[in-house]
Amino acid sequence: MSKFNTIRILGEDGLPHALHFVDGAYTVVSLSMEYAVAIGLCTDRVLVNKFGRNENVPNGSYEPVWGPSTALAGLDLDTYAAEVVSSSAADAFPAGAGARTIRIQGLEATTFAVKTLDVQLNGVGVVAIGNWARINRAYPLTHGGSGGIIGTGGVVGTVTIRKAGAGATVGLIQPSYNQTEIAIWTVPAGKRAVLSSWYAGSPESKSFNVQLLKRDYGDGGWRAQDTKSITQDTQTWPIEFAVEAKGDIMVIASGIGTTGIVDAGFKLTYEDVP
């Protein structure tokens, strides 16, 4: 029998350690930062697992790995008004058979502070959700028992999050996934993120180029942090670099003589800037 206590220890290497109890004795063991955050040893850090899928990556040109499979949207302004609508009347509060409310996570307009909003859906009727700087993730919160991945709860139709006035799509919740699929993330104000790994793959026997990009706030230019070529199976690569407050991280993909599906994502932790 073994266990970790709740004491956080930082070694000279700057990595977290913990007391490991086995056979009646304690020893100090090194932990990955991700694991230390997940089990509560590093309470001043937040762990983020970001993932996405693009079901129609074009041949020879890059697209973000995210649900809409369209050109980039939602990362061009510090503030924009947004709205939510479903393709099914069943996704409606308070008694719809599909999703009734969804939770949207992102960043507050202009300030880039962390923002969470629970939204009551109105089926095919548009619901205004105020102003945002970024929308990072969304998923059903309450539902009527139909819809979802295996028909036991979630969205019945495709829920679209878009800029107000039927503008560009910034996120989709599709019944086949039941949450947004967006391999894009923005660091909140006052925080610094450190990436630890990223991955990409395809369920198809096809080849793609993939890139992990970052953009510093106010810079305007995306820079590749790593570039790989993949064929079918998912591959994971360790990587370490910091992204400062309001900076963006994104995975893009391009078909090599083909079009098709690419899955990708990354893991990071973030903390307050000292």
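For the structure itself, look to the data block above.
Conventions adopted
- Residues numbered from 1 in each chain as written.
- Predicted model: local features only at pLDDT ≥ 70, side-chain atom pairs only at ≥ 80, totals over all residues.
- Heavy atoms only, no water.
- Helix = DSSP H or I, 4+ residues; strand = E, 2+ residues; numbered from the N terminus.
- Buried < 20%, exposed > 50% of the residue type's maximum accessible area, 1.4 Å probe, protein only.
- Areas by Shrake-Rupley, 256 points an atom, 1.4 Å probe, with all protein chains shown as cover.
- Pairing = 2+ DSSP bridges.
- Axes fitted to C-alpha atoms, helices over the stretch in contact; angles between N-to-C directions.
- Contact = heavy atoms within 4.5 Å.
- Salt bridge = Lys/Arg side-chain N within 4 Å of Asp/Glu carboxyl O.

J.: Kindly report on the overall build of the protein, identifying the contributing residues and their values.
T.: Counting its secondary structure elements, the protein contains one helix and 19 strands. Burial statistics for the protein: of 274 residues in total, 47% are counted as buried. Total accessible area computed for the protein in this model is approximately 12,100 Å², and 51% of it derives from carbon and sulfur atoms.

J.: How would you sum up the sheet that holds strand E8 (residues 99-108)? Please name residues and give values.
T.: Ordered by their spatial adjacency, six strands build an open sheet running E9-E8-E10-E7-E11-E12, and the pairing between neighbours is antiparallel. The sheet is open, and its two edges are formed by strand E9 (114-120) and strand E12 (169-173), each paired on a single side. Direction aside, the axes of adjacent strands within the sheet are offset by 20° on average. In this sheet, E12 lies alongside strand E11 (residues 159-163) in antiparallel orientation, the contact comprising four bridges. When the sheet's bridge partners are listed, threonine 160 is paired in E12 with leucine 172.

J.: Run through the environment of alanine 168, naming residues and quoting values.
T.: Relative to the elements of secondary structure, alanine 168 occurs in the loop between E11 and E12. Look at alanine 168 and you get partly exposed, because its relative accessible area is 38%. For alanine 168 and alanine 82, which are 86 residues apart along the polypeptide, the C-alpha to C-alpha distance reads 9.5 Å. Discounting chain neighbours no more than four positions away, the residues touching alanine 168 are Ala73, Arg162 and Lys163.

J.: Now, about the pattern of salt bridges: what can you tell me, with residues and values included?
T.: Charged atoms that come close allow side chains of opposite charge to pair. In this structure the tally under the stated criterion is 14 salt bridges. A salt bridge links lysine 214 to aspartate 216, with the nearest nitrogen and oxygen atoms 3.9 Å apart. Overall, lysine 214 belongs to the buried group, its relative accessible area being 17%. A salt bridge links aspartate 226 to lysine 228; the shortest N-O distance between them is 3.9 Å. A relative accessible area of 19% means that aspartate 226 is categorised as buried. Lysine 228 gets classed as partly exposed once you look at its relative accessible area, which sits at 26%.

J.: Break down the side chain of serine 202 for me, with residues and values.
T.: Looking at the secondary structure, you find serine 202 in the loop between strand E14 (191-201) and strand E15 (207-215). With sequence-adjacent residues up to four places away left out, serine 202 is seen in contact with Phe208, Ile230, Gln232, Asp233 and Ile261.

J.: Break down the pairing of strand E18 (residues 248-255) for me, with residues and values.
T.: Along E18, eight of the eight residues are buried, which leaves the element largely enclosed by surrounding structure. In this structure, strand E6 (residues 63-64) lies alongside E18, joined through two bridges in antiparallel fashion. Following the sheet pairing, glutamate 63 is matched in E18 by alanine 253. Relative to E18, strand E13 (residues 184-186) is paired through three bridges, and the arrangement is antiparallel. The residue of E18 that forms the bridge with threonine 186 is aspartate 248. Across eight bridges, the pairing between E15 and E18 is antiparallel. Of the residues in E18, the one forming a bridge with lysine 214 is isoleucine 249.

J.: Lay out unusual backbone geometry with the relevant residues and their values.
T.: The peptide bond linking phenylalanine 93 to proline 94 adopts the cis configuration, its omega dihedral lying at 10°. Positive phi, close to 60°, is recorded for glutamine 232, a residue that is not glycine. Here glutamine 232 shows up in the loop between strand E16 (223-231) and strand E17 (235-243). When its relative accessible area of 29% is taken as the criterion, glutamine 232 is described as partly exposed.

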